[in-house]
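A structural walkthrough
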Amino acid sequence: APLVGKRLESVEGVTDVSSDRDPGGLQLSLQIDRDLASSLGVDVADIDNALNNAFSQRQISTIYTQRNQYKVILEINGKFQNDPADLDRIYVAGTGGAQVPLSAVVKMTRTLSPLAVYHSQSMPSTTVSFNTLPGVQLDSVTGAIQRGGFEGSAGDFNKTASRQPLLILGALIAMYIVLGVLYESLMHPLTIISTLPSAGLGALLALQITNTPLTVIAFVGIILLIGIVKKNGIMLVDFALDAERQRGLSPADAVFEACRARFRPILMTSLAAAFAAIPLVVATGPGTELRRPLGITIIGGLFVSQILTLYTTPVIYLLIDRLRNRYRPQPHPAPAE
């Protein structure tokens, strides 16, 4: 917040920059000297428990009576809670049961902290306010503010998001090279890659329906779909090429037989991957907001690609085969005798 306030003060047309953050609170930070504590036989957990017992109003028991119950709270006397020098009155157990003053194993640093922490939808937040100079329009000022750059986590997110298309393009190029070597063809890898747009469409539709933003984790899910969905095309193309080369079937008969023979394994593998992603979507607890977009993109992409690729892949297979035959060099007729 202080950095944002200073940056706003440098924007032309902005004045009276203020914030609801009041950093005037006093704070004492304790840093444990672990080497010294270890030499004195003082455990870090004992230091934590000593501070907990002294200052955090630790409940240690409950007294039950016939009509009521009373919480027993452990803490030091209130008059010893105002001065950092009172830490000399707190001791922790050392080697052989010796009592070691807490101030001997910690380093104290006086710092400042906010008097209050405001929240916006359960997230800590700070409101930075400003006025505009006379004659300055608000839209021009907000435009100048928006032209400012982000640093820290926000800057890292923007850099990562801008590189996502390059990552997807790199994955497609690597997959095309591997498939071209595998099938000894420059055209049929395009048949397999043609299954990926439907997966991306399904992932985006799923995010739109569930009102989930397209985050970096959702991009990771789309990249995962590249590896999961292309197996549909691989299973069809591999079977069809084998039928053409080994049994001499026509391309239409080969791809039709491939669709019939490979439908069940394609359906089984797609359902297995989709069901494996369900726990990512329905799970609750800390961290679920990061994992949920991953599951949504996987399920949406698999669902749409499963419906479309079984119809589009054979069509593209035949189209590419016809294009290959059209531009294939024709053999020259033998000269007449």
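1. Regarding the overall build of the protein
- Tallying secondary structure elements over the protein gives 10 helices and 10 strands in all.
- For the protein, the C-alpha radius of gyration of 34 Å lies well beyond 20 Å, the compact-globule estimate for 337 residues.
- With the C-alpha coordinates aligned to their principal axes, the bounding extent of the protein is approximately 120 × 70 × 50 Å.
- Burial analysis of the protein (337 residues in total) assigns 28% to the buried set.
- For the protein, long-range pairs separated by at least 24 residues make up 66% of all intrachain contacts whose partners lie at least 6 apart in sequence.
- Just so you have it, the protein exposes about 22,200 Å², and 59% of that area is on carbon and sulfur atoms.
- The centroid of the 27 positive side-chain charges in the protein is displaced by 7 Å from the centroid of its 26 negative side-chain charges.

2. A few points about the layout of surface pockets
- Roughly 340 Å³ of volume is contained in the second largest pocket.
- Surrounding the second largest pocket, 14 residues form its lining, Gln27, Leu28, Asn82, Asp83 and Pro84 being those nearest its centre.
- Elements supplying a minimum of two residues to the lining of the second largest pocket: strand S2 (25–32) and strand S7 (106–113).
- By residue class, the composition of the lining of the second largest pocket is seven nonpolar, four polar and three charged.

3. Here we look at a nonpolar patch on the surface
- A contiguous nonpolar patch, built from Leu201, Leu205, Ile209, Phe303, Ile307 and Leu308 and spanning about 600 Å² of accessible area, is present on the exposed surface.
- Sorting the residues of the nonpolar patch by element identifies helix H7 (196–209) and helix H10 (288–326) as the ones contributing at least two each.
- Within the secondary structure layout, Phe303 lies in helix H10.

4. A word on the environment of Gly301
- As for its position among the elements, Gly301 is in helix H10.
- Sequence separation between Gly301 and Leu225 is 76 residues; the distance between their C-alpha atoms is 6.9 Å.
- Beyond its immediate sequence surroundings of up to four residues, Gly301 is in contact with Ala199, Gly202, Ala203 and Leu225.

5. Focus on the pattern of salt bridges
- Counted by the stated rule, this structure contains two salt bridges.
- Note that Asp86 is salt-bridged to Arg89, the shortest N-O span being 3.8 Å.
- The class for Asp86 is buried, based on a relative accessible area of 13%.
- Look at Arg89 and you get exposed, because its relative accessible area is 54%.

6. Quick notes on the packing of H7 against helix H8 (residues 216–247)
- Axis separation between H7 and H8 bottoms out at 9 Å; the angle between their running directions is 145 degrees. For the pair H7 and H8, the sense of crossing is right-handed. Note on element contacts: H8 touches H7 through Ala218, Ile222, Leu225, Ile226, Val229 and Lys230, opposite Leu196, Ala199, Ala203, Leu204 and Leu207.
- Split by residue class, the contact of H7 with H8 holds 10 nonpolar, no polar and one charged.

7. Concerning the side chain of Thr212
- Within the secondary structure layout, Thr212 lies in the loop between H7 and H8.
- Here Thr210 takes part through its side chain, which lies 2.9 Å from a polar atom of the side chain of Thr212.
- Sequence-distant contacts of Thr212, defined by excluding residues within four places in its chain, comprise Leu207, Pro293 and Ile296.

8. Brief notes about the confidence of the model for the protein
- Mean pLDDT over the protein: 83, with 92% of residues reaching 70 or higher.
- Mean pLDDT values over the elements of the protein span from 76, in helix H5 (residues 152–183), up to 92, in strand S4 (residues 69–74).

9. Comments concerning H8
- Look at H8: 47 Å from first C-alpha to last across 32 residues, which is about the 46 Å you get at 1.5 Å a residue.
- In H8, a bend of some 30 degrees at Leu225 exceeds every other bend along the element.

10. Some remarks on the packing of helix H9 (residues 251–282) against H10
- At their nearest, the axes of H9 and H10 sit 9 Å apart, and the two run at 175 degrees to each other. When the axis of H9 is compared with that of H10, the two are roughly antiparallel.
- Across the contact of H9 with H10, the residue classes tally to 22 nonpolar, three polar and three charged.

11. Observations concerning unusual backbone geometry
- Its identity as a non-glycine residue notwithstanding, Asp16 has a phi of 55 degrees, on the positive side.
- Position of Asp16 relative to the elements: it lies in strand S1 (residues 14–19).
- For Asp16, a relative accessible area of 53% gives the class exposed.
- One non-glycine residue, Ser122, adopts positive backbone phi at about 70 degrees.
- Looking at the element boundaries, Ser122 is found in the loop between strand S8 (118–120) and strand S9 (123–125).
- For Ser122, a relative accessible area of 64% corresponds to the exposed category.

Parameters and conventions
- The residue count restarts for each chain, going from 1 along the sequence in the order it is written.
- Residue-level local features of this predicted model are given only where pLDDT is at least 70; pairs of side-chain atoms are given and counted only at 80 or more, and the full residue set underlies all totals for whole chains, interfaces and linings.
- Side-chain numbers come from the whole structure's heavy atoms, not from hydrogens or water.
- Secondary structure is summarised from DSSP: a helix means a run of H or I of at least four residues, a strand means a run of E of at least two, and numbering begins at the N terminus for each.
- Every radius of gyration here is taken over C-alpha atoms, with the globule rule written as 2.2 Å times N^0.38, N being the number of residues.
- Buried, partly exposed and exposed residues are distinguished by accessible area as a fraction of the type maximum, computed with a 1.4 Å probe on protein chains only: under 20%, between the cut-offs, and over 50%, respectively.
- Note on contacts: a residue pair qualifies if any of its non-hydrogen atoms lie within 4.5 Å across the two residues.
- What sets the accessible areas is the Shrake-Rupley method with a 1.4 Å probe; for residues, cover comes only from the shown protein chains.
- His is not counted, nor are the chain ends, whereas Lys and Arg count as positive and Asp and Glu as negative.
- Where a charge lies is defined by one atom per residue type: Lys uses NZ, Arg uses CZ, Asp uses CG and Glu uses CD.
- The way it works is a 1 Å grid over only the protein atoms, where trapped points that fit a 1.4 Å probe form a cavity and open points with protein on both sides within 12 Å along at least five of seven lines form a pocket, and then any residue with an atom within 4 Å of a point lines it.
- Grid points are joined across faces, edges and corners, and a volume is the space filled by probe spheres set on the points.
- Side-chain classes are defined by residue name, with Ala, Val, Leu, Ile, Met, Phe, Trp, Tyr, Cys and Pro counting as nonpolar, Asp, Glu, Lys and Arg as charged, and the others, Gly among them, as polar.
- The patches described consist of residues with a relative accessible area above 30% and no salt bridge, like charges being joined within 9 Å and nonpolar side chains (Val, Leu, Ile, Met, Phe, Trp, Tyr) within 5 Å.
- Whenever Lys or Arg places a side-chain nitrogen within 4 Å of a carboxyl oxygen from Asp or Glu, that contact is recorded as a salt bridge.
- In this description, a line fitted to the C-alpha atoms serves as the axis of each element, helices being fitted only across the stretch in contact, and the angle between N-to-C directions of two axes falls anywhere from 0 to 180 degrees.
- Throughout, a crossing is termed right-handed when the near helix is turned clockwise from the far one, and left-handed when it is turned anticlockwise from it by less than a right angle.
- For the purposes of these results, a polar contact is taken to be a pair of N or O atoms within 3.5 Å, where, inside protein, one atom must be able to donate a hydrogen and its partner to accept one; residues adjacent in sequence count only when each atom of the pair is a side-chain atom.
- In predicted models, pLDDT denotes the confidence assigned by the predictor to each residue on a 0 to 100 scale.
- The length a helix should cover is 1.5 Å for every residue beyond the first.
- Fitting axes to the seven residues that end at a residue and to the seven that start at it, the angle between those axes gives the bend at that residue.
- Note on terminology: angles under 35 degrees are roughly parallel, angles over 145 are roughly antiparallel, angles of 65 to 115 are roughly perpendicular, and the others are oblique.

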